[in-house]
Amino acid sequence: MGKRGVTIFLTLLLAVCLIGMERVKTEREERSLEAGAKQEGQTGNENNQGKAPESEGAEGQAGTEGEKLVALTFDDGPHGDTTQKLLDGLKERDVKATFFLIGGSVEGNEEIVKQMAEDGHLIGSHTFHHVQLTKLSLEEACQEITMTNEAIAAVTGQPVEYIRPPYGSWNSNLECAVNMKEVGWTVDPRDWDVKSTDAVVKKVLQDVKDGSIILLHDVYDTSVEAAFQIVDELKAQGYTFVTVNRLLID
């Protein structure tokens, strides 16, 4: 091979080497970019662990952050005149409440009880004869509860899960005998005693806070009117009215 041939050979060999080096450099850069992308993705996943996507709503939660919830509850109904007036006013205000019914008062007021259920209110038991359960035998107490549950279910077609025992009188024996959840209260304006709309409203607004369960009785005109004023005022203050089971779940 002459000098010219050697020169050409060396030139070609150099070119091949340069191409090879360039290819290696390119591959290294690609690997580096890929590794960086993987690391960034892992960091993003770690930062998002335990967080719901921003597009998810708060459905199924008792209340969104900053929301003030309150439950309006009524004992001793149903009553033909006052309970009907109350239901109409609550529907007009788009408010759901909880009613603890006396089983013996269901008969003759079936349409009112049916409307309660259809309007989305929660219905519970307040015994059949408004008796203090702890003063009865276990058998008698269970009968009071069972009779009431049957009377309500016959109208609504739904089982009764909650009970507010008259006078708040309840014990562990009853918990074993009946599969029901006892419901108390946190705000009691003693509307059955004062029978003054202004006094009831003042007391409730003074004591209410986020998570309160307000006790009223839907058998007094003064209490029904007080309920409307309470709803209007608390809504203006940013409260949301819910059935009592929403608060108990929390």
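Each chain carries its own residue numbering, running from 1 in the written order of its sequence. Where local features are concerned, this predicted model is filtered to residues with pLDDT of at least 70; where side-chain atom pairs are given and counted, the filter is 80 or more; whole-chain, interface and lining totals use all residues. As a rule here, side-chain values cover all heavy atoms of the structure and leave hydrogens and water aside.

**Brief notes about the overall build of the protein**
Now for step 1: A helix here means a DSSP run of H or I that spans at least four residues, while a strand means a run of E at least two residues long, and both kinds are numbered starting from the N terminus. Looking only at helices and strands, the protein features 9 helices and 7 strands.
Now for step 2: The buried label applies to any residue whose accessible area, calculated with a 1.4 Å probe on protein chains only, is under 20% of its type's maximum; exposed applies above 50%, and partly exposed to all values in between. Relative to its full complement of 250 residues, the protein shows a buried share of 37%.
Now for step 3: Considering only contacts in the protein between residues 6 or more positions apart, those separated by 24 or more positions represent 75%.
Now for step 4: Accessible area for the protein stands at about 14900 Å²; split by element, carbon and sulfur atoms hold 49% of it. What makes two residues a contact is simply this: any of their non-hydrogen atoms within 4.5 Å. Areas reported here follow the Shrake-Rupley algorithm with a probe of radius 1.4 Å; residue values treat only the protein chains shown as occluding.

**With respect to helix α4 (residues 138–156)**
Now for step 1: The first and last C-alpha atoms of α4 sit 27 Å apart over 19 residues, in line with the 27 Å expected at 1.5 Å per residue.
Now for step 2: Every buried residue of α4 is listed here: A141, C142, E144, I145, T148, N149, A151, I152 and T156.
Now for step 3: Positive backbone phi, at 80°, marks G157, one or two positions downstream of α4. A helix is expected to reach a length of 1.5 Å times the quantity of its residues less one.

**Things to note about the nonpolar core**
Now for step 1: If you look at the biggest cluster of nonpolar residues, it comprises 43 residues, and the most contacted ones within it are L72, F74, L90, F99 and I214.
Now for step 2: Per-element tally for this core: the top contributor is helix α8 (residues 221–236), with 7 residues.
Now for step 3: Setting aside residues up to four positions removed in sequence, F74 forms contacts with L86, L90, A97, T98, F99, F100, L216, H217, D218 and A227.
Now for step 4: In terms of nonpolar packing, the next biggest core, distinct from the first, is built from 10 residues, L69, F100, Y162 and I213 among them. Take the buried residues of types Ala, Val, Leu, Ile, Met, Phe, Trp, Tyr and Cys, join any two whose side-chain atoms come within 4.5 Å, and each joined set is a nonpolar core.

**Things to note about unusual backbone geometry**
Now for step 1: For the peptide bond that leads from G77 to P78, omega is 0°, which places it in the cis range.
Now for step 2: By the secondary structure assignment, P78 is in the loop between β1 (68–77) and α2 (82–92).
Now for step 3: Look at D76: it is not a glycine, yet its phi comes out positive at around 80°.
Now for step 4: With respect to the element layout, D76 can be found in strand β1.
Now for step 5: Accessibility expressed as a relative area gives 17% for D76, which makes it buried.
Now for step 6: One non-glycine residue, R190, lies in the positive phi region at around 50°.
Now for step 7: As for its position among the elements, R190 is in the loop between β5 (181–182) and α6 (191–194).
Now for step 8: For R190, a relative accessible area of 38% puts it in the partly exposed group.

**With respect to the pairing of β1**
Now for step 1: In terms of residue burial, β1 counts as a mostly covered element, since 9 of its 10 residues are buried.
Now for step 2: Two strands qualify as a pair provided that DSSP identifies no fewer than 2 bridges between them. Across 4 bridges, the pairing between β1 and strand β7 (residues 239–242) is parallel. Bridging from a neighbouring strand, K68 pairs with Y239 of β7.
Now for step 3: Bridge count for β1 against strand β6 (residues 212–217) is 6 bridges, and the pairing is parallel. Bridge pairing in β6 places F74 opposite L216.
Now for step 4: Sheet topology note: the β1/strand β2 (residues 98–101) ladder contains 4 bridges and is parallel. By the bridge assignment, T73 is partnered in β2 with T98.

**Observations concerning the environment of K85**
Now for step 1: One can find K85 in helix α2.
Now for step 2: Taking the relative accessible area as the measure of exposure, K85 reaches 38% and is therefore partly exposed.
Now for step 3: Sequence-wise, K85 and V224 are 139 residues apart; in three dimensions their C-alpha atoms are separated by 7.7 Å.
Now for step 4: When neighbours within four sequence positions are excluded, K85 is seen to be in contact with V224 and F228.

**A closer look at the confidence of the model for the protein**
Now for step 1: pLDDT gives the predictor's per-residue confidence on a scale running from 0 to 100. Summing up the model confidence of the protein, the mean pLDDT is 81 and the portion of residues at 70 or higher is 73%.
Now for step 2: Below a pLDDT of 50 lies the segment residues 29–61, which in the model reaches 2 contacts outside its immediate sequence neighbourhood of four places, other chains included.

**Describing the packing of aromatic side chains**
Now for step 1: Here is the rule: rings of Phe, Tyr and Trp (six-membered ring for Trp) pair when centre to centre is within 6.5 Å. Planes less than 30 degrees apart are stacked, more than 60 are edge-to-face, and the remainder are tilted. According to the stated counting rule, one finds 1 aromatic pair in the structure shown.
Now for step 2: Measuring from ring centre to ring centre gives 5.3 Å for F74 and F99, while their planes differ by 20°; the resulting arrangement is stacked. Of this pair, F74 sits in strand β1 while F99 sits in strand β2; the two residues are 25 residues apart in sequence, bridging distant segments of the chain. Note on accessibility: F74 and F99 belong to one class, buried.
Now for step 3: Here, a charge over a ring is recorded when the distance from Lys NZ or Arg CZ to the ring centre is within 6 Å and its angle to the ring normal is within 35 degrees. Its end group placed over the ring of Y162, K181 keeps NZ or CZ at 5.4 Å from the ring centre.

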